[in-house]
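Residues per chain are reported as follows:
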Amino acid sequence: MDRRVLTRWLVVFSLLVAAFVGTVVTLNLTVYSASGFVNSYLHSLARKDADAALATPGVARSTAISTALLTPDALGDLADIRLVSDADDGDGRHTVAYRYSFDGGSAKTSFVVEHVGARLGLFSAWRFAESPLSVLAVTPLHDDSFSANGVNLVAPGGANKPSDYLVLTPASIALDHRSTFLAAPTTRVLVSAPASTVAATVDIQANRAFVAQVQKELDASLASCVTQRVLLPTGCPMGKQIDDRIQDAPRWSMVKSPRVTIVPGTAPDTWRVPPTTGTAHLTVAVRSIFDGRLSTFDEDVQFTVGYLVTLQPGGGLLITAEY
């Protein structure tokens, strides 16, 4: 082979080798760097690829904690991912910090990663030295169901007790409750520290429909009560003891129906209407047992009501009087 041709080939080969080495170096400084490793994980979360995020080396799952929030539907809207710093801690470890946004707010998370060899003998391999999985401890008050980022859940621990859920850090979780008779305002929880435990409460209360339905049933019950032509209507909160002899059938009418408020009960699925006052009017002719004089009792009579309300499995209400 002509020496000039050989030289030309050697130059081309050298350029190719240099380009390859340069590419390897560049990739190890970017895609296969500590920050590139974390960046890949964060972008998995941003595109809601839960499987890819969970497959990232160093993401260690506990089988004892619920994984219901490790799904694409439960992941929040992570965006604006920006590298803040990549610090070499020595011994193959790096602390990598990224800033990002969730729902218009921004936060920062630091991840600890470690070098674990090379892929194909050329590209740096990394793993999380500290798993980015964290625990969200949710306490749903007064009911055992709630939703997290739109995913409907039933707390394994039941109402009024914390239930643990694994979440991929960082996570923004919107907790609330919406059902026929109950509601809870949205509580947004940010989990930004890997391997942390964050507590949250869902304050579930009676909604307007619940109050309106109980008020309707109470008003209907009292309307039925005042049709009874006796001093002590059966199964009713109003009544009047009169020592004189009654001369005709008593007549009741409602003056002021009690206003319903609803508070949590002491047992699951139970709620209470605390004692509240109403007013009925009684008219009845009476004859004195002392002098036989005839008169009319025509007065307002106050009464107090209280109720225990139990939510039924089919969505109905069981209302039990406590007066």
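Keep in mind the model is a prediction, meaning the values are calculated, not measured.

What counts as what
Residues numbered from 1 in each chain as written. Predicted model: local features only at pLDDT ≥ 70, side-chain atom pairs only at ≥ 80, totals over all residues. Heavy atoms only, no water. Helix = DSSP H or I, 4+ residues; strand = E, 2+ residues; numbered from the N terminus. Contact = heavy atoms within 4.5 Å. Areas by Shrake-Rupley, 256 points an atom, 1.4 Å probe, with all protein chains shown as cover. Disulfide = S-S within 2.5 Å. Pairing = 2+ DSSP bridges.

This part is about the overall build of the protein chain. Helix and strand counts for the protein chain come out as four helices and 18 strands. Partitioning the contacts of the protein chain with sequence separation of at least 6, the portion at a separation of at least 24 is 57%. Surface accessibility of the protein chain: about 17,300 Å² in total, with carbon and sulfur atoms responsible for 54%.

This paragraph deals with the state of the cysteines. Every disulfide links exactly two cysteines, by a covalent bond between their sulfur atoms. One pass over the structure, following the stated rule, counts one disulfide. A disulfide bridge connects Cys225 with Cys236, and the sulfur atoms are separated by 2.0 Å. On the sign convention where negative means left-handed, the S-S torsion of about -95° between Cys225 and Cys236 marks this disulfide as left-handed. Placement of the pair is Cys225 in helix H4 (residues 208-225) and Cys236 in the loop between H4 and strand E13 (245-246), with a sequence separation of 11 residues.

Hydrogen bonds along the backbone pair up the strands of a sheet, which may run parallel or antiparallel. With antiparallel pairing, five strands are arranged side by side in an open sheet as E7-E6-E9-E10-E12. At either end of the open sheet lies a strand with only one pairing partner, and these are strand E7 (151-154) and strand E12 (205-206). Pairing geometry for strand E6 (residues 145-148) and E7, over four bridges, is antiparallel. Bridging from a neighbouring strand, Phe146 pairs with Leu153 of E7.

By themselves, these are just geometric observations and shouldn't be taken as functional.
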